[in-house]
Amino acid sequence: MLTTLLLVLPVVAALVLAIVPLPRDATAGLALLTALLEVGLWIVAATRYDFDAGGLQLGTSREWVESLGISYTVGFYGFSIWLVGATVVVFAAAIGYAMWTGRERPRAYYALMLFLSGAVVATFVAQDLLLFYIAFEAMLIPLYVLVGVWGGPRRLSATLTLVIYTMAGSLLMLASVVAFGVTQGTFSLVDSGTSDNVWIFLGFAIAFAVKAPLFPLHGWLPLAYREAPVEVAAVLSAVVSKTAVYGFLRICLPKFPEPSDDLAGLVLVLAAAGLVYASLLAFRAPDLRGVVAYSSMAQMGLITLGVFAFDDLGLSGAVLQSVAHALVSASMFLLVGMVELRCGTGELASLGGMARRRPVLATVVLIAGMIALAVPGSATFAGEFLILAGVYDQGWGYSAVVALGIVLAAMYMLRVISAILHVKPGPAVREEAPDLRGAELGLVIPLILVLLGLSLWPALVSESSVSGEAADVVLEALR
Amino acid sequence: MIDTPSVDWLALSPTLALLAGAAIALLAAVLVPDWMKKAITAAASLAGFAVAAVLSGVVFDQSPTPEVLLQGTLARDQLAALAQLVIAVTGAAVVLVSWFERERQGSGEYYALLAVAGAGMAFFVSAEDLMTLFLGLEWFSLCLYILVAVDRERETSLEAGLKYLIVGGFGSAVLLFGSALVYGATGELSFGAIASAQTQDDAFLLAGLAMILAGLAFKVSAAPFHMWTPDVYQGSPTSVTAFMSAATKTAAFVAMLRLLVTAFPEQSDVWTIAVAVLAAISLVWGNLAALAQRNLKRLLAYSSISHAGFMLMAVAANSEFGGEALLYYLVPYSAMSVGAFGVVAARERELGKAATLESLAGLGWERPYYGIALWTFMLGMAGFPLTGGMFGKLFVLSAAYDAGDWWLVILGVVATAVSLAYYLNVVRWLYMRSGAGLRLAPAGGSPPRDTALGVAVAACVVVTVGSFFFVQPILDAAADAASSLPF
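Report on the accompanying structure. Keep in mind it's a predicted model, so treat the numbers as computed, not measured. (Residues numbered from 1 in each chain as written. Chains lettered and ligands numbered in written order. Predicted model: local features only at pLDDT ≥ 70, side-chain atom pairs only at ≥ 80, totals over all residues. Heavy atoms only, no water.)

Points about the overall build of chain B
In terms of helices and strands, chain B carries 19 helices and 2 strands. For chain B, the C-alpha radius of gyration of 21 Å lies close to 23 Å, the compact-globule estimate for 487 residues. Oriented by its inertia axes, the alpha-carbon framework of chain B measures out at about 70 × 55 × 40 Å. Put simply, chain B has 487 residues, and 64% of those count as buried. By sequence separation, contacts in chain B at least 24 residues apart represent 80% of the contacts at least 6 residues apart. Roughly 16900 Å² of accessible area belongs to chain B as shown, and the carbon and sulfur atoms make up 68% of that amount. The positive charge centre, built from 23 side chains, and the negative charge centre, built from 33, are 18 Å apart in chain B. (Helix = DSSP H or I, 4+ residues; strand = E, 2+ residues; numbered from the N terminus. Rg over C-alpha atoms; globule rule 2.2 N^0.38 Å. Buried < 20%, exposed > 50% of the residue type's maximum accessible area, 1.4 Å probe, protein only. Contact = heavy atoms within 4.5 Å. Areas by Shrake-Rupley, 256 points an atom, 1.4 Å probe, with all protein chains shown as cover. Lys, Arg positive; Asp, Glu negative; His and termini not counted. Charge placed at Lys NZ, Arg CZ, Asp CG, Glu CD.)

Okay, here's the thing in structure tokens:
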């Protein structure tokens, strides 16, 4: 019931916003209230979930199409709890940011944002293959319009590439869903057995690789992240990309143990190559969003390395890193938005020297940047270290690449921090550009506080996500 | 005392109700004063469709086991009843769409013809022998020839009427010739008797089968027998296009399924391949050609060809599940099709010219209601979740996969990917292009209020979305209907 409420509440709120003509502020207020209620509901769910027992909990199941074995089945595993947690927090921050900057056509905007949040949550709790597919597809509808209507000047080509890539992936997945469901006689992820069909596995894997995105299927990323409204880019990189992680964890590994094992080498090599390649691109990117976008892609490569390490360490590292990266990337994108608002551009060449007379901005950017570059002691460091240790068994070379990735992360993050804050004031930085306002702090500080909390106690996530029964679900099939 | 055959009036009641509606409309066209002529004729035909819908529901309920009536010429079963229900509801929606259409001469005849065409389709779907099949086909086709050309002062309408007459007449002739060959080979007209005639390798029979299939393929507008579709869809009055795209397809597909499964089970290894090939060509051609269209009605016409491809996939599966998939598919498809043409009609009336992609610019923001409706229909046709279109595609693909046509599954998936380009292009014009520069609407004033059309579009949205959430009841009905065929 609680799980259903978590995914239905934002959808219902979206319908209300779309139908009832509320004034501007009331619309935004209602949207933010819904997002905060979601956070509250998630806290209730997290406290009710028995992490010691693990396994599928807080589940609901109802027949939908009996003859085909399609059902509405939702529920939480340990790792879904944490992924949903990141989702609701990031959406609350993103909607708050939109409220603060103000968006035209607010009713449509907030309705779509809330609908998107419902779809993301549904993806993370779906325990039926078809329900998962529906939620996965449903994310694209609001994203398409959010980027296409409220995006930057090149938004139309951004939506086009986004849709072509993701739909190509999704439709491959549809073929796989049909093939898997029909051969198994049920679409339930709980009841269905395993399959050793490489083609079906590939359909899923490619869809997730596009969504993540993994090298070399990342063609949609630069335009989409640059042209989307900044809070939509935050949501996209922070949580929408994590649906791919969930897909790997919940579908690819447990349902296709043999193909996963056979193709692990290929995935690992691509993920490692993507990690290095994206890090280099981030280092070379001429603008703020480019850096954050490519760093996000690098992190997804890293997380995939953890997933395909096939052991407790790698998997829990991957989940921890997913949660930490969601929060880091959301804060980075929101900060990018705040800088862009002040300077009117994100070109690194025109920025600089913003630390002078803006101590709060400098502090916040520095902290977020430090966590993003995985300074030892941070949650991201813990995640990356777990992945590094986990993937060692698959080959020491992968660990070396992860280590290289950490070094490269330091390089590009420090470059961007100094390009914003230090060096000479750039032409776009006006003297009177203000420091961070209270409202902006209200958005970023909670995210950073959560990150600092996670840095103090990363085991909260890593030891309670893919361990116990949940680990069995993923790993048992592989052994 | 002469023995009169006992007539099952209930089985015929949907057809008779529509004929009665048409008769009242025709009488009213003569007897009623001009100012209320349109309202009364429209109401009569609406009532005819509504009563037919209710009666076909009753027949569905009362016919758990299929029966053959009138010396094996007509079937009374749940398949026919379900198809009649879909046709009747579609017809009612079309009457609503055309309610506030521009005054035309002879609106009484227009509504009467609509009801008679509906009656012909209701008869056609229950045809159980080659004679009644041809009779039903001609019955509704003749009405449609006139309906297409009903806007006499518009050249495109006349041109469309002529094209449809010639191509449609050719299609009917092919079907008739095929029937003659089949009769020659088996000496039987009734489907069941043809099946039991045991002449499987007869060249005449196979040639006849091929020609009948081609004749029906004209009606479902499957490529390569689709050439008339874009021109006729574009030229007809939009409400007639809506009726043809939904009701004609439903009728022709149900008749095709019944004919192939009942009369030619022995030849199934031949016709499944033929139908699969037709499906493949329709998918490829419909989707590629739709990419190039600027005119909305042409775009929807090519999209309907690609939908025909999907439905043919279900027929080609030659299984009970395939039948279910086809019948399920028809429900959201009819709703989306009528709804989309309804929105096109609304835009045409507002702007006073043919609706192109450009004329949609900004519609989503100016007329949020029609915008969201058209958005829903486009996503539904593309097979997005939260619309019945997704389950339709899923069932059809599953049926094809079950039948071993994995290459059709892949083709269907690729076709869907291509179709997104033009469906989402419509959405893009709705929301992401500004109409400010195009000066579309005549300055000043809002469009005329058109409640009937609004209601019809709303009903279509409800069916489109409702068939997603309430799959099981529709699928149950489709399963009952499919089980009346001897798979």
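Quick word on the pairing of strand β2 (residues 70–76) of chain A
Residue and element names in this part refer to chain A. Burial analysis of β2 places 7 of its 7 residues in the buried class, which makes it a mostly covered element. Every second residue of β2 is oriented toward a common face, with Ile70, Tyr72, Val74 and Phe76 on one face and Ser71, Thr73 and Gly75 on the other, all of them buried. Hairpin connection, strand β1 (residues 57–65) to β2: the antiparallel pair is bridged by 4 residues, and glycine 69 has positive phi, about 70°. (Pairing = 2+ DSSP bridges.)

Here's the deal with a nonpolar patch on the surface
All names here are of chain A. On the surface, Val8, Val12, Leu15, Val16, Ile19 and Val20 cluster together into a nonpolar patch covering about 480 Å² of accessible area. If you trace the backbone, valine 12 turns up in helix α1 (residues 2–19). On the basis of relative accessible area, valine 12 is assigned to the partly exposed category, the value being 43%. (Patch = residues over 30% accessible without salt bridge, like charges linked within 9 Å, V, L, I, M, F, W, Y side chains within 5 Å. Salt bridge = Lys/Arg side-chain N within 4 Å of Asp/Glu carboxyl O.)

Describing the interface of chain A and chain B
At the interface, 35 residues of chain A touch 30 residues of chain B. Approximately 2900 Å² of surface area, both sides summed, lies buried where chain A meets chain B, with 81% of it carried by carbon and sulfur atoms. Linking chain A with chain B are 4 residue pairs in polar contact (both at pLDDT 80 or more). Looking at the side of chain A that touches chain B, the elements that each hand over two or more residues are β1, α4 (106–125), α5 (129–138), α6 (140–150) and α7 (155–184) of chain A. Looking at the side of chain A that touches chain B, the element that brings in the most residues is α7 of chain A, giving 13 residues. Looking at the side of chain A that touches chain B, its residues break down into 28 nonpolar, 3 polar and 4 charged. (Buried area = accessible area lost by both parts, 1.4 Å probe. Polar contact = N/O pair within 3.5 Å; in protein donor to acceptor, adjacent residues only side chain to side chain. Nonpolar A, V, L, I, M, F, W, Y, C, P; charged D, E, K, R; others polar.)

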